[in-house]
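Structure assessment
Given next are the chains, with one letter for each unit.
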Amino acid sequence: MKDREALRIDTAPIDPLNSAEGFGGLLPMIIIAAAGGAVLFGLLASGSGEPLLLTVIALLAMFGTFMLFAIAAGHVRFGARVVAGDLLKAATDAGEEPQIIAEADGTVLYVNDAAEKVLGRHEAGPFSALEAALSGDAEGMQAFFRLTRAAGRGEALREDVRLRLGTGRELTWARITVQPFSPPDEISDFGSRRQRLVSWQINDVTAEKSGEAERIDKLESDIAAFDAMPAGFMWVAADGAIVHVNAAFERWLGYPTGGLRSRALGLASLAGVEGLRLLKHMATIPEADQRIIDLDLTRHDSRIVALTLLVEPIGAQADQGFTITAINRQTTGLVDRGQQDVRASQFFQSAPFGIAALDAEGRIANCNTAFMQMVLDGKPAQDVLAAEALSRTAEPEERVQIDAGLAEVLAGRGNIQPIEITAGENRQFTRRIYMSPLAAVQGGAAAALYVMDATEQKTLESRVAQAQKMEAVGNLAGGIAHDFNNVLTAIIGFSDLLLQTHRPSDPAYRDIKNIQSAANRAAALVKGLLGFSRKQTQQVSVFNLGDLTSDMLPVLKTQCGEKIELKIHSERDLWYVKADSDQLYQVILNLVRNARDAMPGGGKLSIQTRNVTERESQKMRDVVGFTPGEYVLVEVADTGTGMSPDVMAKIFEPFFTTKGVGKGTGLGLASVYGIIKQSGGFILPESEIGKGTSFKIFLPRHYIEEGAEVDTALPQTIAAAKKQLTATDLTGTGRVLLVEDEVEVRQFAVRALKRQGYQVLEAADGVEALEIMAENEGEIDIVVSDVVMPEMDGPSLFKELRKRNPSLKVIFVSGYPNEAFRESMGSDDFAFLPKPFSLPQLAAKVKEELAK
């Protein structure tokens with residue numbers, strides 16, 4: 001610190017209104033008047049200044065008049081001038097609080113008289129005196145260092161320190177404040193340097209600190225008495241954190257004194273999440289007698305302690321937290337109860353189901369915590385009519401059952417059937433109520449209610465019923481679809497034959513095309529039914545879902561249109577899946593079309609593919625039907641209108657649609673559901689009205705041996721497939737045995753193959769086919785057979801044929817799944833053609849197999 005002479009504050013800014021004050025302002029005016037008079041007399045002596053003389057006299061008259069008015073108005077006063085700097089210095093010196101003004105580097109500019117009185121005079125200046133007063137106090141010296149550093153940086157700071165002043169070194173508390181400020185421009189001593197100054201103020205806060213010490217002593221005394229009391233006290237914050245707890249409460253909970261406070265535990269660790277929710281709710285109840293509850297808390301050793309708790313809110317609002325006053329009835333001796341009575345109370349309160357006792361009028365005389373939570377959402381039930389408590393959210397028919405059941409049980413009748421009621425703010429819970437009469441005792445309870453949570457059971461029952469319904473509809477749809485496939489095969493096949501005999505210019509050509517188009521639409525419906533029933537034929541392959549979605553981008557952009565922003569993102573190093581790529585192509589296309597229809601005004605549509613580890617999938621283990629494992633996820637999400645819970649419950653049902661008449665078959669999502677299930681995957685829909693919908697498809701990861709090559713097969717577009725098939729030469733030679741029990745299908749297939757150059761033998765079932773094979777031993781090149789036939793089906797025929805000729809080529813045609821059929825056969829040494837098929841498809845398959 002640098003000390004020097006104090007600053008003299010003796011100048012003030014020039015004020016035009018005050019410049020004439022005092023004698024210092026009058027003297028210049030007298031000098032000016034004398035000079036003017038001398039000039040005037042000179043002019044008079046010259047004799048030529050009469051006009052000028054008149055002008056000067058007029059000006060002097062005006063000036064005199066102005067001065068008279070100025071003096072009268074008070075703008076011009078005669079007296080001694082008071083300097084503002086002198087007033088400021090006098091006021092500062094008269095103050096009782098020490099004050100020092102210094103530069104930022106510690107050079108002292110001014111010290112008032114109080115500083116010298118309090119700190120004493122020091123040779124090196126006031127800061128050295130301050131340091132001497134702080135000597136011996138490490139905390140005080142650290143505070144002084146922080147203050148000087150703040151002054152050097154131009155920062156404001158305040159510190160409370162202990163000073164030892166005077167010859168007796170008496171201890172005094174002082175508050176030292178450092179406040180930077182800028183000097184005014186008019187002070188000439190600093191006008192050139194423009195350096196910031198610092199004001200040091202020292203205030204005596206000894207009385208304030210003494211008061212604080214007294215309050216702390218009293219608080220410590222209160223806390224000691226608080227800990228010694230036989231009752232337990234706890235302060236709980238609004239978030240459930242324990243702010244303070246006394247020693248008695250800690251002992252009951254098995255903690256040493258201060259042990260619970262040091263662990264920073266929450267009340268939920270002692271009372272459970274539901275217990276915390278109940279106590280927080282009780283703190284909002286205005287009636288004090290309704291805020292008393294018997295509750296079991298968990299001790300440090302995981303044992304249970306039964307307590308009676310009184311909950312009190314802090315302040316006027318419970319959201320500021322609450323306090324708990326606890327009584328341990330058994331240890332305090334406040335209530336004389338036997339061991340058996342204590343155990344009965346513990347059983348009553350710790351039961352995981354609700355229990356309530358009713359008096360003769362049907363009011364709840366007593367109930368446990370579980371009953372309040374399960375029936376009244378944690379609200380107190382004392383003296384509440386049981387009929388009102390149970391019927392809060394009940395339907396009218398449920399209320400009738402409740403009233404009838406209560407009337408029976410209060411009359412002493414037993415064997416009352418359980419009643420199911422809905423509970424919760426949104427009626428999301430199902431409770432099952434059991435009613436039982438009690439033996440008549442004077443003043444005792446008349447009946448008992450037992451409440452069980454049946455929410456999970458009802459949910460499972462509804463899901464099982466839904467699954468059974470879906471399975472039944474699927475089996476029915478699968479059976480119908482198989483029969484329809486035979487009919488459609490004949491219609492499509494004969495349409496192909498007719499089109500070959502008619503030119504496009506013929507009048508009947510358009511009619512035949514319409515018949516074929518209608519048959520193809522019907523085939524698409526049947527395909528949807530088979531997809532839903534999981535009996536659709538699959539041509540499985542190993543492929544990358546990211547490649548599939550990337551290849552679909554042009555098609556999907558066309559489907560979405562210009563109003564919808566489409567984004568496709570695939571994670572790197574995506575795992576492989578094994579499924580039918582054509583079917584998954586249709587699944588994604590179907591979901592995108594639905595998303596488009598849900599955003600008529602435009603929106604955003606995203607398709608994301610990523611890996612899902614087994615650890616991540618464990619988060620969904622509670623989802624019914626989902627098995628944790630490693631999956632590849634495809635998520636199709638939109639920002640459309642969303643769906644209500646009622647609609648969400650039906651979206652996978654066949655023929656259910658929210659679209660207008662003629663705009664949807666109701667089989668789109670049903671077939672999506674079936675395809676994913678048939679592929680061994682899982683589909684999870686999520687939707688919220690006004691925010692959008694997402695479909696998450698989980699497909700099992702297919703493991704590839706290290707170093708193995710993967711021949712991926714991605715779907716062709718329909719147009720490309722038709723063009724390729726049309727351009728292929730379908731003619732061939734060879735003898736074909738066609739086995740089909742449906743006459744129309746057999747006739748079409750025979751004519752189709754003969755037109756391509758094949759010799760065809762036909763049979764109506766497996767027995768006839770074996771007879772023909774025996775008659776034409778070694779002359780048949782390939783067998784085309786149906787699967788389901790009377791007397792002998794396709795698999796039985798296959799086994800007999802292979803016994804006679806192991807190298808015989810066989811093609812099975814069926815509307816049932818290829819994979820399931822191969823598993824039942826125990827072999828894959830045959831070809832498969834799904835129904836319904838067209839003439840080119842049949843001819844191409846036969847030629848392909850003969851060429852092998």
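Everything below is about the structure printed above this text.
Residues numbered from 1 in each chain as written. Predicted model: local features only at pLDDT ≥ 70, side-chain atom pairs only at ≥ 80, totals over all residues. Heavy atoms only, no water.

1. Here's the deal with helix α21 (residues 581–597)
- In this model, α21 (17 residues) spans 24 Å end to end at C-alpha, consistent with the 24 Å of a helix rising 1.5 Å per residue.
- Within the span of α21, buried status applies to Ser581, Gln583, Leu584, Tyr585, Val587, Ile588, Leu589, Asn590, Leu591, Val592 and Ala595.
- For α21, the N-terminal cap is Asp580; the gap from its side-chain oxygen to the backbone nitrogen of Asp582 is 2.9 Å. (Helix = DSSP H or I, 4+ residues; strand = E, 2+ residues; numbered from the N terminus. Expected span 1.5 Å × (residues − 1). Buried < 20%, exposed > 50% of the residue type's maximum accessible area, 1.4 Å probe, protein only. Polar contact = N/O pair within 3.5 Å; in protein donor to acceptor, adjacent residues only side chain to side chain.)

2. Section: the nonpolar core
- The biggest cluster of nonpolar side chains holds 53 residues, and the ones touching the most others in it are Met234, Phe249, Leu267, Leu279, Ile324, Met435 and Leu449.
- Leu548, Leu556, Phe652 and Ile697 belong to the second-largest nonpolar core, a separate cluster that totals 38 residues. (Core = buried A, V, L, I, M, F, W, Y, C linked by side-chain atoms within 4.5 Å.)

3. Structural notes on the sheet that holds strand β17 (residues 564–570)
- The 5 strands lie next to each other as β17-β19-β20-β22-β21, forming an open sheet whose pairing is mixed. Here the strands that pair on one side only, and so sit at the sheet edges, are β17 and β21 (682–688). Taking the axes of each pair of neighbouring strands and ignoring which way they run, one obtains an average angle of 10° across the sheet.
- Alignment of strand β20 (residues 631–638) against strand β22 (residues 692–700), held across 7 bridges, turns out to be antiparallel. Following the sheet pairing, Val634 is matched in β22 by Ile697.
- On the sheet, helix α20 (residues 553–560) packs against β17 and β19 (603–612) and is oriented at approximately 155° with respect to β17. (Pairing = 2+ DSSP bridges. Axes fitted to C-alpha atoms, helices over the stretch in contact; angles between N-to-C directions. Contact = heavy atoms within 4.5 Å.)

4. Examining empty space enclosed by the protein
- For the structure shown, the criterion picks out 3 cavities of 30 Å³ or more.
- The volume enclosed by the largest cavity comes to roughly 40 Å³.
- What lines the largest cavity is simply Leu738, Glu740, Val745, Ala749, Val784, Val813, Phe837 and Leu842.
- Residue composition of the lining of the largest cavity, grouped by class: 7 nonpolar, no polar and 1 charged. (1 Å grid on protein atoms, 1.4 Å probe; cavity = no way out; pocket = protein on both sides within 12 Å on 5 of 7 lines; lining within 4 Å. Points joined across faces, edges and corners; volume = space filled by probe spheres on them. Nonpolar A, V, L, I, M, F, W, Y, C, P; charged D, E, K, R; others polar.)

5. What about the pairing of β19?
- When β17 meets β19, the two strands line up parallel, connected through 7 bridges. Within the sheet, the bridge partner assigned to Lys567 lies in β19 and is Ser606.
- Here 8 bridges tie β19 to β20, and the two strands are oriented antiparallel to one another. Considered in β20, the bridge of Arg610 is made with Leu633.

6. Some words on the packing of aromatic side chains
- According to the stated counting rule, one finds 13 aromatic pairs in the structure shown.
- On the numbers, 5.4 Å between centres and 70° between planes, the contact of Phe626 with Phe698 is edge-to-face. Of this pair, Phe626 sits in the loop between α22 (614–617) and β20 while Phe698 sits in strand β22; the two residues are 72 residues apart in sequence, bridging distant segments of the chain. Comparing Phe626 with Phe698, the two get one shared label, buried.
- Through a chain of ring-to-ring contacts, the aromatic side chains of Phe626, Tyr631, Phe682 and Phe698 assemble into a single cluster.
- The residue whose ring lies beneath Lys209 is Trp173, and the NZ or CZ to ring-centre distance is 5.0 Å. (Phe/Tyr/Trp six-rings, centres within 6.5 Å; stacked < 30°, edge-to-face > 60°. Lys NZ or Arg CZ within 6 Å of the ring centre and 35° of its normal.)

7. Things to note about the pattern of salt bridges
- Considering all chains together, one arrives at 23 salt bridges under this definition.
- Between Asp137 and Arg162 there is a salt bridge; the shortest N-O distance is 3.4 Å. With Asp137 in the loop between α5 (126–134) and α6 (138–153) and Arg162 in strand β3 (residues 157–165), this pair connects stretches of sequence that are 25 residues apart.
- Under the relative-accessibility criterion, Asp137 is labelled buried at 14%.
- By relative accessible area, which is 29% here, Arg162 ends up partly exposed.
- In this structure, Lys691 and Glu688 form a salt bridge, with 3.6 Å as the shortest nitrogen-oxygen distance.
- Owing to a relative accessible area of 58%, Lys691 belongs among the exposed residues under this scheme.
- Here the residues in one salt-bridge network are Asp160, Arg175, Glu208 and Lys209, joined through shared partners. (Salt bridge = Lys/Arg side-chain N within 4 Å of Asp/Glu carboxyl O.)

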